[in-house]
Structure formats: C-alpha cells, structure tokens
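Working through the structure, step by step
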Amino acid sequence: MATESRSKPTATQVGLDRLYWLVVISLVVGGIFGNWYFQNESLLVRVIALLVVAAAAGFTLLQTERGKALWALGKDARAEVRRVVWPTRQVTIQTTMIVILMVMVVALILWGLDSLLSWGIKSALG
C-alpha cells in the first residue's frame, strides 16, 4: 500500500474540489436530461454523447482529492490481484465438487428433518 502523508488541504484546494464536484454533478445531470430530451434521436448518437459526457465527468472527478485517492486505491488493488496465487484447474474442480456434495448432503438433512417434523405435527394434530 502506498504510504502518503496526508496534509490538511488548503482553502484553495477545498474550493477547487467543490468546483470540480459541481462540474461533475452538472455533467451527470446534464447527461441524464440530454438523454431524455433527445429521446427521438438515434440511440447510437445518444450513447456516444453519454460516453463523452461520462468520460468528461470521470476525468473531472479524478482531479479531486477523493478522485485521486480512489485512483490510488484502484492501482493498489490491481497490484494485490497480481500477487494472488490462483488455484489450478484441478484444485478448482475438486473444490467445486466438494461444495456441490456438501450442499446435497445438507439439502437431504433438511428435507429429512422437514419430513420428520411434518409427520410429527400431522400425527399430533390428528
């Protein structure tokens, strides 16, 4: 994990972050409204426009402090996934078979318990 010293953001950074968030919210709301307003236009044109708006909103979001932290988290997560030792195909198949077998055993136990309790209640009630 990245160890970064976090300093308190200055008033200028906070104000700039708020401006960026306002732009992101405006882009998202504008994209939703534009998609509704131009509903009679071609779907392809609307999808391309929404992708462009989403890319602009994402780029703007990454300029904020939280966006930068999210980007760093994503990079750290990707590095962790690369370090994972994935099981072989044979181990995966064996584990899956064990899980399926255990599910069947528990299902049979629950079915038997349900049948026994149902029989007991029917006998008691007549």
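Residues numbered from 1 in each chain as written. Predicted model: local features only at pLDDT ≥ 70, side-chain atom pairs only at ≥ 80, totals over all residues. Heavy atoms only, no water.

A word on the environment of N35
Looking at where N35 falls in the secondary structure, it is placed in helix α1 (residues 11-37). With relative accessibility at 28%, the residue N35 sits in the partly exposed group. Taking the C-alpha atoms as reference points, N35 and V45, separated by 10 residues in sequence, lie 9.8 Å from one another. Once residues lying within four places of it in the same chain are set aside, the contact partners of N35 are R46 and L50. At 3.4 Å, the side chain of N35 forms a polar contact with the side chain of R46. (Helix = DSSP H or I, 4+ residues; strand = E, 2+ residues; numbered from the N terminus. Buried < 20%, exposed > 50% of the residue type's maximum accessible area, 1.4 Å probe, protein only. Contact = heavy atoms within 4.5 Å. Polar contact = N/O pair within 3.5 Å; in protein donor to acceptor, adjacent residues only side chain to side chain.)

Here's the deal with the packing of aromatic side chains
Using the criterion set out here, one finds four aromatic pairs in the structure. When the centroid spacing of 5.5 Å and the interplanar angle of 45 degrees are considered together, the rings of F33 and W36 count as tilted. With a gap of three residues between them, F33 and W36 both fall in helix α1, about one helical turn apart. The class of W36 is exposed, set by a relative accessible area of 51%. A centroid spacing of 5.1 Å and a plane angle of 90 degrees characterise the contact between Y37 and F38, whose relative ring orientation is edge-to-face. Of the aromatic side chains, those joined through ring pairs into one cluster are F33, W36, Y37 and F38. (Phe/Tyr/Trp six-rings, centres within 6.5 Å; stacked < 30°, edge-to-face > 60°.)

Description of the packing of α1 against helix α2 (residues 43-61)
Where α1 meets α2, the closest approach of the two axes is 9 Å, and the angle between their N-to-C directions is 170 degrees. Considering the angle they form, α1 stands roughly antiparallel to α2. Residue-level contacts link Y20, W21, V23, V24, L27, G31 and N35 of α1 to R46, L50, V53, A56, A57, T60 and L61 of α2. In terms of residue class, the contact of α1 with α2 is built from 10 nonpolar, three polar and one charged. (Axes fitted to C-alpha atoms, helices over the stretch in contact; angles between N-to-C directions. Parallel < 35°, antiparallel > 145°, perpendicular 65-115°, else oblique. Nonpolar A, V, L, I, M, F, W, Y, C, P; charged D, E, K, R; others polar.)

Remarks on α2
Helix length check: α2, at 19 residues, gives a terminal C-alpha distance of 26 Å against a target of 27 Å (1.5 Å per residue), a fit within 8%. Listed in full, the buried residues belonging to α2 are R46, A57 and T60. Taken end-on, α2 shows its buried residues confined to a sector of 60 degrees, consistent with a single buried face. Turned more than 90 degrees away from the buried face of α2 sit L44, L51, V52 and F59, all of them exposed. Buried residues belonging to α2 abut α1. Regarding α2, its N-cap is S42, as a side-chain oxygen of that residue lies 3.3 Å from the backbone nitrogen of L44 further along. (Expected span 1.5 Å × (residues − 1). Arc of directions from axis to C-beta.)

A word on a nonpolar patch on the surface
A surface patch of nonpolar side chains, about 640 Å² in accessible area, is lined by V106, L110, L113, L116, L117 and W119. Note on placement: L113 falls in helix α4 (residues 89-125). The class of L113 is partly exposed, set by a relative accessible area of 44%. (Patch = residues over 30% accessible without salt bridge, like charges linked within 9 Å, V, L, I, M, F, W, Y side chains within 5 Å. Areas by Shrake-Rupley, 256 points an atom, 1.4 Å probe, with all protein chains shown as cover. Salt bridge = Lys/Arg side-chain N within 4 Å of Asp/Glu carboxyl O.)

Shape is all these values report; function is a separate question.
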